[in-house]
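Read off the chains here:
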Amino acid sequence: MIQLSGNGHAKTAVYVGFFSALLFSTMTLFSVPEAAAQHHGAPPPPASLGDRQVALNFDSSPKVISAGQTVVINIGFEDLDKQQNVQHVTFRMEVSKDGKAIFTDFFHGHAGEVKLQFRSSNSSPTVNGNFDTLSGAWVGDPGSSIVVNGNVFSDPGIYKTLVEVTGIDNDKTDLPEPLTYEFNILVFVSQSFEVSYQDMKFNVKTVSPIQISEADFMQDEKQLVITSADMINRTNDFSLRIDVPKEMMSGPFTATLEDGTELGIAENASDPSMRSLVITGRQHDASIDMEGGMRHGHSIVIIATNVVPEFPAGIASLAAALAIMSVTLAAKRHSFSSAGKTY
Ligand SMILES: [Cu+2]
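Here the structure is a predicted model, which means the values were calculated and not measured. Residue indices begin from 1 for each chain and proceed along its sequence in written order. In keeping with the predicted nature of the model, local features appear solely for residues at pLDDT of at least 70, side-chain atom pairs appear and are counted solely at 80 or more, and the whole-chain, interface and lining totals rest on all residues.

Thoughts on the overall build of the protein chain
Then, in step 1: Put simply, DSSP H or I for four residues or longer makes a helix, DSSP E for two residues or longer makes a strand, and each gets a number counted from the N terminus. Secondary structure assignment for the protein chain yields 3 helices and 24 strands.
Then, in step 2: Looking at the protein chain as a whole, 26% of its 343 residues are labelled buried.
Then, in step 3: Any pair of residues counts as being in contact when their C-beta atoms, constructed from backbone geometry, are within 7 Å of one another. Looking at the protein chain alone, contacts between residues at least 24 apart form 68% of all its contacts between residues at least 6 apart. Our exposure labels follow a C-beta count within 10 Å of each residue's own C-beta, placed from the backbone: buried means 20 or more other C-beta atoms, exposed means 12 or fewer, and partly exposed covers the counts in between.

Re the environment of leucine 277
Then, in step 1: Note that leucine 277 resides in strand β22 (residues 274-281).
Then, in step 2: Along the chain, leucine 277 and phenylalanine 253 lie 24 residues apart, while their C-alpha atoms are 8.6 Å from each other.
Then, in step 3: Once you skip the residues sitting within four places of it in the chain, leucine 277 turns out to touch Arg241, Ile242, Val244, Phe253, Ile265, Glu267 and Ile302.

Remarks on the nonpolar core
Then, in step 1: Ranked by size, the top nonpolar core spans 63 residues in total, and within it Ile242, Ala255, Leu277, Ile279, Ile300 and Ile302 carry the most contacts.
Then, in step 2: Per element, the largest residue contribution to this core is 6 residues, and it comes from strand β14 (residues 174-197).
Then, in step 3: Residue ranges for the domains originate in an automatic or database domain assignment. A domain-level breakdown of this core finds at least three residues from each of domain 1 (12-30 + 198-307) and domain 2 (47-186). Only buried residues count toward a nonpolar core: Ala, Val, Leu, Ile, Met, Phe, Trp, Tyr and Cys, linked into one set through C-beta atoms within 7 Å.

Regarding unusual backbone geometry
Then, in step 1: Note the cis peptide between serine 61 and proline 62, where omega equals 0 degrees.
Then, in step 2: Structurally, proline 62 is set in the loop between β2 (52-61) and β3 (65-66).
Then, in step 3: Residue proline 252 follows glycine 251 across a cis peptide bond; omega there is 5 degrees.
Then, in step 4: Following the sequence through the fold, proline 252 ends up in the loop between β19 (249-250) and β20 (254-257).
Then, in step 5: Here aspartate 98, not a glycine, exhibits a phi torsion of approximately 50 degrees, which is positive.
Then, in step 6: Mapped onto the secondary structure, aspartate 98 falls in the loop between β6 (89-97) and β7 (100-109).
Then, in step 7: Of note, aspartate 169 is a non-glycine position whose phi angle comes to about 70 degrees, a positive value.

Considerations on the environment of valine 114
Then, in step 1: Structurally, valine 114 is set in strand β8 (residues 113-119).
Then, in step 2: C-alpha separation for the pair valine 114 and glycine 140, spaced 26 residues apart in sequence, amounts to 7.3 Å.

So, the pairing of β2
Then, in step 1: As paired elements, strand β1 (residues 47-49) and β2 share 3 bridges and run antiparallel to each other. Following the sheet pairing, leucine 49 is matched in β2 by arginine 52. Whether two strands pair depends on DSSP finding at least two bridges between them.

Digging into the environment of valine 71
Then, in step 1: Assignment of secondary structure puts valine 71 in strand β4 (residues 71-79).
Then, in step 2: Valine 71 sits in the buried class, given 22 other C-beta atoms within 10 Å.
Then, in step 3: A sequence separation of 45 residues divides valine 71 from leucine 116, and the C-alpha atoms of the two residues are 8.2 Å apart.
Then, in step 4: Those residues in contact with valine 71, other than ones at most four positions away along the chain, are Ser60, Ser61, Pro62, Ile65, Phe118 and Phe153.

Structural notes on the confidence of the model for the protein chain
Then, in step 1: Per-residue confidence for the protein chain gives a mean pLDDT of 78, with 72% of residues at or over 70.
Then, in step 2: Per-residue confidence from the prediction method is given by pLDDT, with values spanning 0 to 100. When the criterion is pLDDT under 50, residues 285-294 qualifies, and its contacts beyond four places in sequence or with other chains add up to 5 contacts.
Then, in step 3: Throughout residues 336-343 the model reports pLDDT below 50, and contacts reaching past four residues in sequence, or to other chains, amount to 0 contacts.

Considerations on the pairing of β22
Looking along a regular strand, one sees side chains alternate from face to face of the sheet.
Then, in step 1: Of the strand pairs in this sheet, strand β18 (residues 238-245) and β22 are connected by 8 bridges, and their pairing is antiparallel. If you follow valine 244 over to β22, its bridge partner there is arginine 275.
Then, in step 2: Here strand β21 (residues 262-271) runs beside β22; their pairing, made up of 6 bridges, is antiparallel. The residue of β22 that forms the bridge with glutamate 267 is leucine 277.

Written out as structure tokens, the structure reads:
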């Protein structure tokens, strides 16, 4: 009797599951705009020098820096009115991570531009270049890079970069006040996680400046929770990419930090079966954090519109119901027999 009604429920569950799977695939056939991935933090605002506006131009090759990879960083200083580089720039560059200084030195670009090649190794950073005694800084040969060997961008992370321009227009004259710029250089790590939902397994890929320790899929809440042992501080601007199978979850998506702080999210179809999500944290006003206390956490929550239908869940809960039922029956039988013993 129980067995028969059980089969009937299972058939219904399979049918409903199949129907919602069809509905699911037709509903996700909409186009999504191409989103430009943010490879580094927000560019620093231009600095004023008298009536001149001087902007720091920054780019890296490759655009997406992986931990331990050799990278060329180009730093230029542009007079925004003239739209050309200012000449003879001396600056101090300081790279720090988690509040700890990793590298600092002085550089000079006669043509207002400096190319730095960072080669990763385990030793502390050393500079290979020509030291210009007039400006008291390292200079590169025209067209070539100044080489920095050592552990500067060896680990994934958000590297705070401070550039202080101490001289401009001339090799040996110092500015009364340095022009300062601050920006983040992001160094990424690629990781892969197997996420399971009942008897299904999905592959989730992350490219993140924060080492991810865990990825958990909560089908009932339509959430994918990405967790890190490191702090994800909302005062840092950062960017990370998560590739999820469309079958597992599809958009529109939203993303937040665990304290509810909303994050930017852009969706790309990397291939027909995958969705590539670029999540960006925004620089927040420090005063907001002072009021609310430093709020940060270890998790990012990605909320989908559609998730994999729960048709195997129907069977699972049915099985659970049957298990409870048989336990109850067994208990009843047991109480009957014990009742028999009492009499
Ligand atoms: Cu010069």
